[in-house]
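An overview of the molecular structure
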Amino acid sequence: MPVAAIVCGYLIGSVPFAWLLARRWGTRDLHRRGSGNIGAANVFRVSGAAAGTLAAALDIGKGAAGVLLASRLNDSMPAHALAGLAAVVGHVYPVWLGFRGGKGVATALGVVVGVYPYFTLAGAGALAIWIIVTLASRYVSLGSVVAAGAFIPLFAAFNHGQLGRLWPLTAFATAMVVLII
C-alpha cells in the first residue's frame, strides 16, 4: 500500500496557499469574506487579481507536486492516482484550517494537466469548458461543476479502448469529480 505517497499527497495538498496569500494581502479570515471559501476564486474576489492569480497557480502547482513526489516514492500508477486524490482531499479538507478548505478545482487541474499523459487532453478540454462557462455565466462555481462533470466523458473519449487498462486513473477521476461536485 502506498501509504507514504498518500500522506505526502495530502500534506502537500493541504497547504492553504489561498488563505496565506489573502492574509498577506490584508484579509484576516478568508472564511468570513466573499464566498467564505478558501480558494483562488475567493482570493481573487476579496484580495485582488494578483493574489487570486498567484493562489490559483500555487494550488495547481501543489496538485502536480503531490503526484510528482508520489512518483518518486512509489512507481505504480495506482499510487500516483491515490496521491493525486489525496492532494485534492487535502485542499478541500486541510488539517491546518480545521478541515475547511476550498473546492479543489485548481488542485485537481494540477494533478490532471501535464502530470498524466492520459489526462492531458481531457484536462485541457475541461479547462476550455470551465473558461467558456465561467465567462458566459460569470459564475466560477458553475464553470467548475460543468467542467468537472465533463471530465469523465472527455477522458473516455480521448482514451477509447484503454479504460480497462487505465482503471486506477478512471477510479481517481471519478472520485475527484464526485469530490468537486
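So, here's what we can say about the structure. (Residues numbered from 1 in each chain as written. Predicted model: local features only at pLDDT ≥ 70, side-chain atom pairs only at ≥ 80, totals over all residues. Heavy atoms only, no water.)

The subject of this paragraph is helix H4 (residues 49–73). Look at H4: 36 Å from first C-alpha to last across 25 residues, which is about the 36 Å you get at 1.5 Å a residue. Turning to H4, its buried residues number three or more, namely Ala51, Gly52, Ala55, Asp59, Lys62, Gly63, Ala64, Gly66, Val67 and Ala70. Looking at the buried side of H4, the elements it contacts are helix H1 (3–13), helix H2 (17–24), helix H3 (40–47), helix H5 (77–92) and helix H6 (105–112). (Helix = DSSP H or I, 4+ residues; strand = E, 2+ residues; numbered from the N terminus. Expected span 1.5 Å × (residues − 1). Buried < 20%, exposed > 50% of the residue type's maximum accessible area, 1.4 Å probe, protein only. Contact = heavy atoms within 4.5 Å.)

With that settled, the discussion passes to unusual backbone geometry. At phenylalanine 99, a position not held by glycine, the phi torsion is positive, near 65 degrees. Within the secondary structure, phenylalanine 99 sits in the loop between H5 and H6. Even without a glycine there, the phi angle at arginine 138 is positive, about 65 degrees. Look at arginine 138 and you get exposed, because its relative accessible area is 74%.

Under the definition given, this model contains one aromatic pair. Between phenylalanine 151 and phenylalanine 155, the aromatic rings sit 6.3 Å apart at their centres with planes inclined by 10 degrees, giving stacked as the arrangement. With phenylalanine 151 and phenylalanine 155 both in helix H8 (residues 140–158) and four residues apart, this pair spans about one turn of that helix. Take phenylalanine 155: its relative accessible area is 1%, and that puts it in the buried class. (Phe/Tyr/Trp six-rings, centres within 6.5 Å; stacked < 30°, edge-to-face > 60°.)

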